[in-house]
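Chain by chain, the residues:
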Amino acid sequence: MKGAALEVEICLLAGKIMLQSGAETYRVEDTMIRMSNSLGLNGSHSYVTPTGIVFQPGEALPAKLIRIEERTTNLHKVSAVNDISRKLSSETISSEEAHQLLIQIDSSKNAYPLALQVAAAAIASGCFTIMFRGSLTDFIPGVLCGGLGFISYILLNQVFKIKFFAEFTASFLIGIMAILLVRVGVGVTMDKIIIGSVMPLVPGLLITNAVRDLMAGHLVSGLSRGAEAFLTAFAIGAGIAVVFSIL
Amino acid sequence: MVITLHLITSFIASGAFGIIFNAPKRTLLHCGIVGMLGWIAYIVLDFRMEAIFSTVAATFIVGVISQLFAKLFKKPVIIFSVSGIIPLVPGGLAYDAMRNFVVNEYNVAIQLAAQAFLISGSIAIGLVMSEVLNQLLHKIPLKMPIWKAKKLPK
């Protein structure tokens, strides 16, 4: 049992990557326990909250704690860690290989370049504008507002590191832009343009994860994710509200 | 015609959300399909049903297809289901609620906010129901005595 440092490291790293990339709490716990079982650490326990992981490897070793400060949505990483967990339990890779792969995944960046993500957000906004029964001419204003909102959210989040402020400002800018476009005459239905454009910022993943965690019995994680989702929704709403009250 | 437009836009929007959420490249197409089917189910049902019922049904469909894709491609369910439910999130209602709060129409605003809350809840119910169905399909065949009896003669 003394040489279990690598095995413990693998489990913790896998849990950390998954939690930072937006996996559900129960999936993180489940994957960590599966990995530790296939690595020979039987009787492990892991306790996961959105802000930290406590892991008890086996019965004789001391427990370890990891603090999680940043959480984004990166499904690519979740899927990659899932693959490694599968390979470990079917014993197609050794623990050293798994460790190397996990370090690679941890240091890898987003699966797509920023420009492509902004373009995707812009096009999605335009499509949502039409889906929410806006007129066809609102597609272009939707694309413009959505792209502006998403890129300002990403850049502000990088500079100030305060999610609430970034979301608030992004939705504020969306509101201003939409009103301007409608006044100029490019857009027709301002409401639909704004709703479509804020969709890339809406905390859809957080809401689902929150409820799933609650139903799975992870009450602490569920409530804290719910609080995060509420805060995000409030930031977006407040940004739009400010636009309406000043114009 | 309207349905075709909705099919195309919801497919593109859900696929684009796959890119925003950094979903693996090979799954983007499937994210789009899940989102498209969920949204079309919602649109069709919404003509004659309550919004809450159609949301539960649409999310259930999204969940079932996501579970299916997850089995087929050996990926976590969350990759497919997240892009699929995004169009169903009550962004419009939440927006209307907020707008009414700002102009001091609190009664209307509270009504809209309550509706948005219920619809978020029904998204969760739809997803949970699809998971229950998935677990039932896994567990029942193994435990049913009829199935075991059939296998014995071998």
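Rules and cut-offs
- Residues numbered from 1 in each chain as written.
- Chains lettered and ligands numbered in written order.
- Predicted model: local features only at pLDDT ≥ 70, side-chain atom pairs only at ≥ 80, totals over all residues.
- Heavy atoms only, no water.
- Helix = DSSP H or I, 4+ residues; strand = E, 2+ residues; numbered from the N terminus.
- Expected span 1.5 Å × (residues − 1).
- Buried < 20%, exposed > 50% of the residue type's maximum accessible area, 1.4 Å probe, protein only.
- Pairing = 2+ DSSP bridges.
- Contact = heavy atoms within 4.5 Å.
- Buried area = accessible area lost by both parts, 1.4 Å probe.
- Salt bridge = Lys/Arg side-chain N within 4 Å of Asp/Glu carboxyl O.
- Polar contact = N/O pair within 3.5 Å; in protein donor to acceptor, adjacent residues only side chain to side chain.
- Nonpolar A, V, L, I, M, F, W, Y, C, P; charged D, E, K, R; others polar.
- Axes fitted to C-alpha atoms, helices over the stretch in contact; angles between N-to-C directions.
- Parallel < 35°, antiparallel > 145°, perpendicular 65-115°, else oblique.
- Left-handed = near helix turned anticlockwise from the far one by under 90°.

J.: How should helix α5 (residues 114-131) of chain A be read in this particular structure?
T.: In an α-helix, one full turn covers 3.6 residues, which means residues spaced three or four apart are oriented alike. Residues and elements named next belong to chain A. Here α5 is 18 residues long and its end C-alpha atoms lie 25 Å apart, about the 26 Å a rise of 1.5 Å per residue gives. α5 sits mainly inside the fold: 13 of its 18 residues count as buried. Following α5 by one or two positions, R133 adopts a phi angle in the positive range, close to 65°.

J.: So what exactly am I meant to see when it comes to the pairing of strand β1 (residues 45-49) of chain A here?
T.: For a regular strand, side chains alternate in direction, first toward one face of the sheet and then toward the other. Residue and element names in this part refer to chain A. Looking at chain direction, β1 and strand β2 (residues 52-56) are connected through five bridges and run antiparallel. By the bridge assignment for β2, T49 is matched with G52. The antiparallel pairing of β1 with β2 creates a hairpin that spans two residues between the two strands.

J.: Quick question: what am I supposed to make of the interface of chain B and chain A here?
T.: Accessible area lost upon the coming together of the parts serves often as the stated size of an interface. Each partner contributes to the interface: chain B provides 42 residues, whereas chain A provides 52 residues. Among the residues chain B hides against chain A, the three largest losses belong to N22, I78 and Y95 of chain B. Together they make up 17% of the total. Applying the counting criterion to the chain B and chain A interface returns one salt bridge. For D191 of chain A, the salt bridge is made with R99 of chain B, and the minimal N-O distance between the two is 2.7 Å. Our enumeration of links across chain B and chain A arrives at eleven residue pairs in polar contact (both at pLDDT 80 or more). Counting only elements with at least two residues in the side of chain B that touches chain A, the list comes to α1 (2-20), α2 (28-46), α4 (77-85), α5 (91-102) and α6 (106-143) of chain B. Element by element, the count of residues in the side of chain B that touches chain A is highest for α1 of chain B, at eleven residues. When grouped by side-chain class, the residues that make up the side of chain B that touches chain A number 29 nonpolar, eight polar and five charged.

J.: Just checking my understanding: could you explain the packing of helix α1 (residues 5-20) of chain A against helix α3 (residues 75-89) of chain A for this structure?
T.: Geometrically, a packed helix pair is captured by the angle between its two axes and the distance between the axes. Residue and element names in this part refer to chain A. Packing of α1 against α3 brings their axes to within 9 Å, and their N-to-C directions diverge by 150°. When the axis of α1 is compared with that of α3, the two are roughly antiparallel. In the crossing of α1 with α3, the sense of the turn from one axis to the other is left-handed. Contacts between α1 and α3 involve I10, A14, I17 and M18 from the former and K77, V78, V81 and L88 from the latter. Partitioned by chemical class, the residues of the contact of α1 with α3 number seven nonpolar, no polar and one charged.

Keep in mind these values describe shape, not function.
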